[in-house]
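Breakdown of the fold
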Amino acid sequence: MSISSTGRLTTTADIVPGADVIMANGRGISFAATSDATGMSSELLDDYEEGNYNPTVVAGSGNYSTTASSDEASYIKIGALVHVQGYLSISADNSASGNIFISLPFTSYNASDDPDYSFGTVFVQNNGVTLGHNLYAFVQGNLNGFYIYKVGDDGTASYLSNNDVDTNWQVGFTLSYTSR
């Protein structure tokens with residue numbers, strides 16, 4: 001193994017460290033030796049994080065309270081890709097009025113030349129009304145959360161709102177999106 005004056009590490013065999021390998025901010029594992037696909041913008045794997053967060057559920061100017069035993073979601077972030085999953089039990093409607101919006105741990109990526117939206121799976125139960133719709137999570141670019149989108153049997157699409165749920169309901173979700 002050798003380290004050049006520029007800080008480049010070169011090996012002829014595997015590195016077997018006795019502790020974690022820690023890289024400076026903005027550094028990572030480069031895959032530049034592989035062939036590039038059309039439209040490739042980076043070959044650097046530069047971030048990994050996993051954890052839990054407490055999502056907030058809002059509707060317009062009001063919000064919903066969650067039950068303490070089911071108010072946490074988990075995430076894994078690898079590079080710019082974020083995968084989130086969670087189950088929330090809603091216990092109170094605090095003057096909610098408008099489209100339902102659930103927070104995410106990172107703001108979604110927004111680019112003028114790339115698709116800036118993602119979709120995921122969502123279910124809503126014990127909401128007090130019959131939705132009769134196909135539901136999915138809809139993440140738009142440059143937002144720190146997602147809307148629940150519903151598509152009726154006639155193909156009409158709209159956001160899930162406070163009018164579609166009652167005071168006590170549950171929502172489960174799993175989705176992946178990009179963040180920068």
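The preceding data block contains the structure.
To keep things clear, this report deals only with the structure shown in the data block. (Residues numbered from 1 in each chain as written. Predicted model: local features only at pLDDT ≥ 70, side-chain atom pairs only at ≥ 80, totals over all residues. Heavy atoms only, no water.)

**Describing the packing of aromatic side chains**
Going through the model one piece at a time under the given rule, you end up with 14 aromatic pairs. Ring geometry for Tyr75 and Phe106: centres 5.4 Å apart, planes at 85°, overall edge-to-face. Of this pair, Tyr75 sits in strand β8 (residues 73-78) while Phe106 is found in the loop between β10 (100-103) and β11 (117-125), placing the two residues 31 residues apart along the sequence. Relative accessible area serves as the criterion here: at 19%, Phe106 is assigned to the buried category. Where Phe119 meets Tyr136, the ring centres are 5.5 Å apart and the plane angle is 65°; that geometry is what we call edge-to-face. Separated by 17 residues along the polypeptide, Phe119 in strand β11 and Tyr136 in strand β12 (residues 134-140) bring together distant segments of the chain. Classification of Phe119 by relative accessible area gives partly exposed; the value is 44%. (Phe/Tyr/Trp six-rings, centres within 6.5 Å; stacked < 30°, edge-to-face > 60°. Helix = DSSP H or I, 4+ residues; strand = E, 2+ residues; numbered from the N terminus. Buried < 20%, exposed > 50% of the residue type's maximum accessible area, 1.4 Å probe, protein only.)

**Some words on the pairing of strand β13 (residues 145-151)**
For β13, the buried fraction is high: six of the seven residues fall into the buried class. Sheet analysis places β10 next to β13, joined by three bridges and oriented antiparallel. Paired with Ile102 across the two strands is Phe146, which belongs to β13. In the sheet, β12 pairs with β13 via five bridges, with the strands oriented antiparallel. Bridged to Tyr136 within β13 is Tyr149. Two successive antiparallel strands, β12 and β13, enclose a turn made up of four residues, where Asn142 displays a positive phi of approximately 65°. Looking at chain direction, β13 and strand β14 (residues 157-159) are connected through three bridges and run antiparallel. Opposite Val151, over in β14, you have Ala157 as the bridge partner. (Pairing = 2+ DSSP bridges.)

**Structural notes on the environment of Tyr149**
Locating Tyr149 in the fold gives a position in strand β13. As a C-alpha pair, Tyr149 and Ala111 span 38 residues in sequence and 22 Å in three-dimensional space. With sequence-adjacent residues up to four places away left out, Tyr149 is seen in contact with Asn134, Leu135, Tyr136, Phe138, Ala157, Ser158 and Tyr159. (Contact = heavy atoms within 4.5 Å.)

**Side note on a nonpolar patch on the surface**
Taken together, the side chains of Val21, Met23, Ile29, Phe31, Leu45, Tyr48, Ile76 and Ile78 present a nonpolar region at the surface, about 730 Å² in accessible area. Positionally, Met23 belongs in the loop between β2 (9-10) and β3 (29-30). (Patch = residues over 30% accessible without salt bridge, like charges linked within 9 Å, V, L, I, M, F, W, Y side chains within 5 Å. Areas by Shrake-Rupley, 256 points an atom, 1.4 Å probe, with all protein chains shown as cover. Salt bridge = Lys/Arg side-chain N within 4 Å of Asp/Glu carboxyl O.)

**Considering the environment of Phe101**
Along the polypeptide, Phe101 turns up in strand β10. Sequence separation between Phe101 and Tyr136 is 35 residues, and the spatial gap between their C-alpha atoms is 12 Å. Among residues more than four places away in sequence, those in contact with Phe101 are Thr56, Val57, Val58, Leu143, Asn144, Gly145, Phe146 and Tyr147.

**Quick notes on the pairing of β8**
Residue alternation in β8 divides its side chains into a buried set, Ala73, Tyr75 and Lys77, and an unburied set, Ser74, Ile76 and Ile78. Inspection of the sheet shows strand β5 (residues 48-53) paired to β8 by six bridges, in the antiparallel sense. Bridge pairing links Glu49 to Lys77 in β8. For β8 and strand β9 (residues 81-94), the ladder comprises six bridges, and the chain directions are antiparallel.

**Some points on the layout of surface pockets**
Roughly 610 Å³ of internal volume is contained in the largest pocket. Taken together, 16 residues form the lining of the largest pocket, with Leu9, Met23, Gly28, Ile29 and Ser30 sitting closest to its centre. Classifying every residue of the lining of the largest pocket by side-chain character gives ten nonpolar, four polar and two charged. Reported here for the second largest pocket is a volume of approximately 360 Å³. (1 Å grid on protein atoms, 1.4 Å probe; cavity = no way out; pocket = protein on both sides within 12 Å on 5 of 7 lines; lining within 4 Å. Points joined across faces, edges and corners; volume = space filled by probe spheres on them. Nonpolar A, V, L, I, M, F, W, Y, C, P; charged D, E, K, R; others polar.)

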